[in-house]
Amino acid sequence: MARTKQTKAKRKKLEEESTTTEEESTTTKPQPQPPKNLFSSLLPPPQIRTIVTQYLQDDIPSHFDVGGHVVGNTIQTAELWMKSPGVLAGIPFFNATFDVCGSCQITWEDIAMEGQSYPNASGDNKIKLATVTGPVSHLLRGERTALNTLSRCSGVATLSNECVQIAKSNQWKGLVAGTRKTTPGFRLVEKYGLLVGGAATHRLDLSQMVMLKDNHVWACGGSIERAVKKARVVSGFSQKIEVECQSLSEAMIAAEAGADVVMLDNFEPEQLKKDAKVFKEKFPHVTVEASGGITMETMPDYFSEDVDVISQGKLTQGYDCVDFSLKIVH
């Protein structure tokens, strides 16, 4: 009997300890943090490293860094500050720059999140986003390249996000998109900024989607049908074909020939909405894109349930850079 009581008491004690342990585990278990760079997995490390290496080589073409020689290789710390309002984007490129420079460690602040808007950032209200530690010559060698990519990527994301918010506030269900009008050598950074800002990238390059513009059609003797069918032979089922159209009749011909997307280019807003409605009644499965001279200010004039995409070259051509600085702690 005594042994039975001891056994029950021991079991009760173990259960209490187990319960206490579970409660402590529940209360102390760290909550999962959202990723700071939501789209970083899109960027293959070898590719982004190659691109960033080219940026750095462009900045030190003679392979001598005299400024780096002056400061030496003592371990120091620099702080990244945001000094103008905008949406943060480009963290993977910033990280890759100092990875290529070597022996640098970056710690991002909890508030530093890609896609997050910081409307109150300014020269008088700087926001600390990260700390970079490493050999001081490495920090200064990567400083400008890292800031260039971050400021421009954030600029694209900021302008893109403004346009996306306008579309949402007007209850338009289509996509705001960029174009292929990007800075040579900087396309990946700007396309990434579009995504972070909530916009669509449009085609990334000439190989991703077939776009037959007016020059293509004219070079084929002026036949949209011939151009589309010739493109379909080699693109097969795996690529969409888009045709730039200057009129409703051209859009109809393109769709009948098998185009997946028609771009109504340089249409006046009212004409665009009227023609898009007529087109969709006959070809509801074909995507309608509006483009040509559209800006953030005029974009609402083009909103229509019959327009699926509104693209703007300005998103990657006319954006303002967001101001950042990287300062050595002293």
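For the structure itself, consult the block above.
Residues numbered from 1 in each chain as written. Predicted model: local features only at pLDDT ≥ 70, side-chain atom pairs only at ≥ 80, totals over all residues. Heavy atoms only, no water.

Trainee: What is the right way to look at the sheet that holds strand 9 (residues 261-265) in this model?
Mentor: Backbone hydrogen bonds are what pair the strands of a sheet, in a parallel or an antiparallel way. If you walk across this open sheet you meet the six strands as 6-11-10-9-8-7, and the pairing is parallel. The outermost strands of the open sheet, each flanked by one partner alone, are strand 6 (175-177) and strand 7 (210-212). Shown here is a sheet whose adjacent strand axes are inclined to one another by a mean of 25°, direction ignored. Here strand 7 runs beside strand 8 (residues 241-245); their pairing, made up of three bridges, is parallel. Across the sheet, the residue bridging to V210 is I241, located in strand 8. (Pairing = 2+ DSSP bridges. Helix = DSSP H or I, 4+ residues; strand = E, 2+ residues; numbered from the N terminus. Axes fitted to C-alpha atoms, helices over the stretch in contact; angles between N-to-C directions.)

Trainee: When you look at the pairing of strand 5 (residues 127-135) in this model, what are you seeing that I'm missing?
Mentor: Moving residue by residue along a regular strand, the side chains alternate between the two faces of the sheet. Counting buried positions along strand 5 gives seven out of nine residues, so the element sits mostly inside the fold. One ladder, built from eight bridges, connects strand 1 (residues 75-82) with strand 5; its direction is antiparallel. Each residue of the ladder has a partner; that of T77, found in strand 5, is T133. (Buried < 20%, exposed > 50% of the residue type's maximum accessible area, 1.4 Å probe, protein only.)

Trainee: Is there a simple way to think about the sheet that holds strand 3 (residues 105-108) in this case?
Mentor: Here four strands make up an open sheet; going across it, the order is 3-5-1-12 and the pairing antiparallel. Both outer strands of the open sheet, strand 3 and strand 12 (324-328), are each paired with one neighbouring strand and no more. Direction aside, neighbouring strands of the sheet carry axes that sit 20° apart on average. Sheet topology places strand 1 next to strand 12; five bridges connect them, and they run antiparallel. Bridging from a neighbouring strand, M82 pairs with F324 of strand 12. Those strands touched by helix 4 (residues 91-101) are strand 1, strand 3, strand 5 and strand 12, and its axis lies near 155° from that of strand 3. Where helix 5 (residues 136-169) meets the sheet, its contacts fall on strand 1, strand 5 and strand 12, and the angle it forms with strand 12 comes to roughly 165°. (Contact = heavy atoms within 4.5 Å.)

Trainee: Sorry, what's going on with the state of the cysteines here?
Mentor: Disulfides are covalent bonds that link the sulfur atoms of two cysteine residues. Scanning the entire structure with this criterion turns up zero disulfides. Sulfur of C101: no disulfide; nearest cysteine sulfur belongs to C104 and is 6.0 Å away. (Disulfide = S-S within 2.5 Å.)

Trainee: Is there a simple way to explain the packing of helix 4 against helix 5 in this structure?
Mentor: Packed helices, taken two at a time, are described by the angle between their axes plus the distance between the axes. Axis separation between helix 4 and helix 5 bottoms out at 9 Å; the angle between their running directions is 160°. Our classification of the angle between helix 4 and helix 5 gives roughly antiparallel. Helix-helix and strand crossings are classified by hand; for helix 4 and helix 5 the assignment is right-handed. Where helix 4 abuts helix 5, its residues I91, F93, F94, T97, F98 and C101 lie against H138, L139, R141, G142, E143, T145, A146, L147, T149 and L150. Of the residues belonging to the contact of helix 4 with helix 5, the class tally is nine nonpolar, five polar and two charged. (Parallel < 35°, antiparallel > 145°, perpendicular 65-115°, else oblique. Left-handed = near helix turned anticlockwise from the far one by under 90°. Nonpolar A, V, L, I, M, F, W, Y, C, P; charged D, E, K, R; others polar.)

Trainee: I would appreciate a short explanation of the pattern of salt bridges in the present structure.
Mentor: Working definition: two side chains of opposite charge can pair if their charged atoms are close together. This structure, assessed with the given rule, holds eleven salt bridges. Residues participating in the shared-partner salt-bridge network are E79, E109 and K128. (Salt bridge = Lys/Arg side-chain N within 4 Å of Asp/Glu carboxyl O.)

None of the figures reported here should be taken as evidence of function without further support.
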